[in-house]
Structure formats: structure tokens, C-alpha cells
Amino acid sequence: MNVTVKFGSDTYNRTYAEGSTIANVLADHDLKAVTGWGDNVRALIGSVEQSRTALLPDGALVVVETKANDKAN
């Protein structure tokens, strides 16, 4: 399945195996090396945050953003 991954102003076309999840995108070593994102990121499809266990839809635009830091109470 083919997806487009957007991080900042850059976009990358990637191919993943059928049944891949959002976690597969966020753990993609090639993308992490090129973009420099760390583990504190989230993935959105259609402006909706996706669970890491969500199946990756074919043709999706996956927007990866750095999460806001949580403050301790």
C-alpha cells in the first residue's frame, strides 16, 4: 500500500505491506533519519489523531507532528 507522509513542509511517498499500522510509519528508520523526528510524535489522518495500532489505509496522507509537552500537576 502506498501512503504519503508529511512532516513539517516535507512530504515523502512510502510503500508499506498490507496490514501495516500507524506504528510502522512512526518507527520507519529511514523516515526518522531523514526528518529527525523522535519518539514524541503523533500521526494524524484527516486532522484526526490516530492510535498507533490503527491500520494504515492505502493512499492515506499521514501527517506526523511533534506532540506538545505535558506539564506535571
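Residues numbered from 1 in each chain as written. Predicted model: local features only at pLDDT ≥ 70, side-chain atom pairs only at ≥ 80, totals over all residues. Heavy atoms only, no water.

**Comments concerning the overall build of the chain**
Reasoning step 1: Along its length, the chain carries two helices and five strands.
Reasoning step 2: Taken from the N to the C terminus, the helices and strands of the chain come in the order β-β-α-α-β-β-β.
Reasoning step 3: Relative to the compact-globule value of 11 Å for 73 residues, the chain shows a C-alpha radius of gyration of 12 Å, a close match.
Reasoning step 4: Within the chain, the proportion of its 73 residues that are buried is 32%.
Reasoning step 5: Taking as baseline every contact in the chain between residues at least 6 positions apart, the subset at least 24 positions apart corresponds to 47%.
Reasoning step 6: Total accessible area on the chain stands at roughly 4,700 Å², and carbon and sulfur atoms take up 47% of it.
Reasoning step 7: Considering the chain, the positive charge centre built from 7 side chains and the negative charge centre built from 9 side chains are found 7 Å apart. (Helix = DSSP H or I, 4+ residues; strand = E, 2+ residues; numbered from the N terminus. Rg over C-alpha atoms; globule rule 2.2 N^0.38 Å. Buried < 20%, exposed > 50% of the residue type's maximum accessible area, 1.4 Å probe, protein only. Contact = heavy atoms within 4.5 Å. Areas by Shrake-Rupley, 256 points an atom, 1.4 Å probe, with all protein chains shown as cover. Lys, Arg positive; Asp, Glu negative; His and termini not counted. Charge placed at Lys NZ, Arg CZ, Asp CG, Glu CD.)

**Examining the sheet that holds strand β3 (residues 41-45)**
Reasoning step 1: Spatially, β2-β1-β5-β3-β4 is the arrangement adopted by the five strands of the open sheet, whose pairing is mixed. Strand pairing shows two members of the sheet lacking a second neighbour, β2 (10-15) and β4 (48-49), which therefore form its edges.
Reasoning step 2: The pairing of β3 with strand β5 (residues 61-66) spans four bridges and is antiparallel. Each residue of the ladder has a partner; that of Leu-44, found in β5, is Val-63. (Pairing = 2+ DSSP bridges.)

**Some details on the nonpolar core**
Reasoning step 1: Counting 18 residues, the largest nonpolar core has Leu-56 and Val-64 as its most contacted members.
Reasoning step 2: Every element with two or more residues in this core is listed here: β1 (2-7), α1 (22-26), β3 and β5.
Reasoning step 3: Apart from the residues within four sequence positions on either side, Val-64 is in contact with Val-5, Lys-6, Phe-7, Gly-8, Leu-26, Trp-37, Val-41 and Arg-42. (Core = buried A, V, L, I, M, F, W, Y, C linked by side-chain atoms within 4.5 Å.)

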